[in-house]
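Coordinate analysis (summary)
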Amino acid sequence: KCQSNCVNQDLTQCSIKAPVFSPLAVPVLFKKELKDKEAEEGTAVKFQCELTKDNATVEWRKGTMELFPCAKYEIKLSGRTAELVIHNVEPEDA
């Protein structure tokens, strides 16, 4: 089920969750951060961020709400690139 209750949220975010196996473990960081995007209502918009490690666990959020794959949100992770596509953009998605 799509969770798209985005009203009064003001920011799409990408965060990384990586377990720490030892004090010497290298943390996962953003190599390339998200950039602001503009899109026409009814179209799709793509957000990408690049990480310093392959296949890290990534969470996409709209304010405090975590986004999950559904008809509205397409979420991909390929190597070090995390991608979120928001379909059928509405003013509430801003």
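Within every chain, residues take consecutive numbers counted from 1 along the sequence as written. Note on the predicted model: pLDDT of at least 70 is required for a residue's local features to be given, and 80 or more for side-chain atom pairs to be given and counted; whole-chain, interface and lining totals, by contrast, use all residues. Excluded from the side-chain calculations are hydrogens and water; all other atoms, namely the structure's heavy atoms, are used.

Looking at an unreviewed UniProt entry, one finds the protein chain named OBSCN protein and attributed to Ciccaba nigrolineata. Per UniProt, the protein chain has the following entry under Subcellular location (unreviewed entry): "Cytoplasm". UniProt positions are given in the numbering used here, feature names are shortened, and annotations may be inferred rather than shown by experiment.

One side-chain nitrogen of Lys or Arg within 4 Å of one carboxyl oxygen of Asp or Glu is enough to make a salt bridge. Following the criterion strictly, the structure yields 8 salt bridges and no others. One salt bridge in this structure joins Lys76 and Glu74, with 3.3 Å as the shortest N-O distance. Only protein chains enter the calculation, and the probe is 1.4 Å; a residue is then buried if its accessible area is under 20% of its type maximum, exposed if over 50%, and partly exposed in between. Judged by relative accessible area, Lys76 falls into the partly exposed class, the value being 41%.

What follows deals with unusual backbone geometry. Excluding glycine, a negative phi dihedral is what most residues carry, and trans is how most peptide bonds are arranged. Unusually for a residue other than glycine, Asn55 sits at a positive phi of about 50°. For Asn55, the location among the structural elements is in the loop between strand S3 (45-51) and strand S4 (57-62). On the basis of relative accessibility, which here comes to 53%, the residue Asn55 falls in the exposed class. Its identity is not glycine, yet Asn88 carries a phi of approximately 50°, on the positive side. Going along the chain from the N terminus, every DSSP run of H or I of four or more residues is numbered as a helix, and every run of E of two or more is numbered as a strand. Inspection of the secondary structure puts Asn88 in the segment after strand S7 (81-86).

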